[in-house]
Amino acid sequence: MEWLIGIVCLVLIVLVVGGWGVSVYNGLVRARNAYKNAFAQIDVQLTRRHDLIPNLVETAKGYIKHERETLEAVTAARTRAVAAQSAATGKPGDPAAMQELGGAEGMLTQALGRLFAVAEAYPDLKANQNMMQLSEELTSTENRVAFARQAYNDSVMAYNNKREVFPANMIAGMGGFGQAALLEIEDPQQRQAPKVQF
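Chains are numbered independently. Their residues run from 1 in the order of the written sequence. pLDDT decides what is reported in this predicted model: residues at 70 or higher carry local features, side-chain atom pairs at 80 or more are listed and counted, and totals for whole chains, interfaces and linings draw on all residues regardless. No hydrogens and no water enter the side-chain calculation; it runs on all heavy atoms of the structure.

We now examine a nonpolar patch on the surface. Taken together, the side chains of Met1, Trp3, Leu4, Ile5, Ile7, Val8, Val11, Leu12 and Leu15 define a hydrophobic patch exposed on the protein surface, amounting to about 960 Å² of accessible area. Turning to its location among the elements, Met1 is positioned in the segment before α1 (2–61). Put simply, a patch holds well-exposed residues, over 30% relative accessible area, that have no salt bridge, with like charges counted together within 9 Å and Val, Leu, Ile, Met, Phe, Trp or Tyr side chains within 5 Å. Note on areas: Shrake-Rupley, 1.4 Å probe, and residue coverage restricted to the protein chains presented here. For this analysis, a salt bridge means a side-chain nitrogen from Lys or Arg found within 4 Å of a carboxyl oxygen belonging to Asp or Glu. Comment: elements are numbered from the N terminus, with helices defined as DSSP H or I runs of at least four residues and strands as E runs of at least two.

This is the structure we're talking about:
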């Protein structure tokens, strides 16, 4: 009879530990999926931003013919940002992909800032209805990108906290739950959205 009680206790212990392990594993999966979903929201907003830029450049081309270098810099920065976004979409949370995306988006922001600074010298461009509408849409999109990036970074922090605390870190290590990287912009000048004033 004692051996039966011992077996029942052992089975209960195994069930409790197994249930705990499954619960921790499922929590890690949910947290990982949350930050991937948050990155998907960034992806949507960056795509919108990147889609607005060619229209902005085309509108500006007719007015600032002598500023070809600025227009080419915006186009090149957009191309780099689209490539970085594509790479990051395949690997949300990957430190190298997030660093590349942050750097590319920062360069694009700087190029857009130069474009808007040059546009200030062209009153006809500033008064162009299409340019004003595109500028407003870009400003709105910049705000959406900032909110989406904040939500992503919050999700990454929650995931990383969940995977690093004891004893969940044991399950995370066995389950292949690696550290996720924040989407940060390193250069303080890159942290500022382009100023759009028309």
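Summed over all chains, the structure comprises four salt bridges. A salt bridge links Glu105 to Arg49, with the shortest nitrogen-to-oxygen separation between them at 2.2 Å. With Glu105 in helix α3 (residues 95–119) and Arg49 in helix α1, the pair connects residues that are 56 residues apart, well separated along the chain. For each residue, the accessible area found with a 1.4 Å probe, counting protein chains only, is set against the maximum for its type, and the residue is called buried under 20%, exposed over 50%, and partly exposed in between. Under the relative-accessibility criterion, Arg49 is labelled buried at 2%. Three or more residues joined by partner-sharing salt bridges are found here, namely Arg49, Glu105 and Glu142.

Let's shift gears to the packing of α1 against helix α6 (residues 168–175). For any two helices packed against each other, the geometry is given by the interaxial angle and the distance between the axes. In this analysis, axes come from line fits to C-alpha atoms, helices being fitted only over the stretch in contact, and the angle between any two N-to-C directions falls in the range 0 to 180 degrees. Two elements in contact, α1 and α6, have axes separated by 10 Å at closest approach and are oriented at 70°. Classified by the angle between their axes, α1 and α6 sit roughly perpendicular to one another. By crossing handedness, the relation of α1 to α6 is classed as right-handed. Note on element contacts: α6 touches α1 through Ala168, Ile171, Ala172 and Gly175, opposite Trp20, Gly21, Val24, Tyr25 and Leu28. By the definition adopted for this analysis, an angle is roughly parallel if under 35 degrees, roughly antiparallel if over 145, roughly perpendicular if from 65 to 115, and oblique otherwise. Here is the rule for handedness: rotate from the far helix to the near one, and if that takes an anticlockwise turn smaller than a right angle the crossing is left-handed, while a clockwise turn gives right-handed. Residue contacts are counted whenever heavy atoms from the two residues lie within 4.5 Å of one another.

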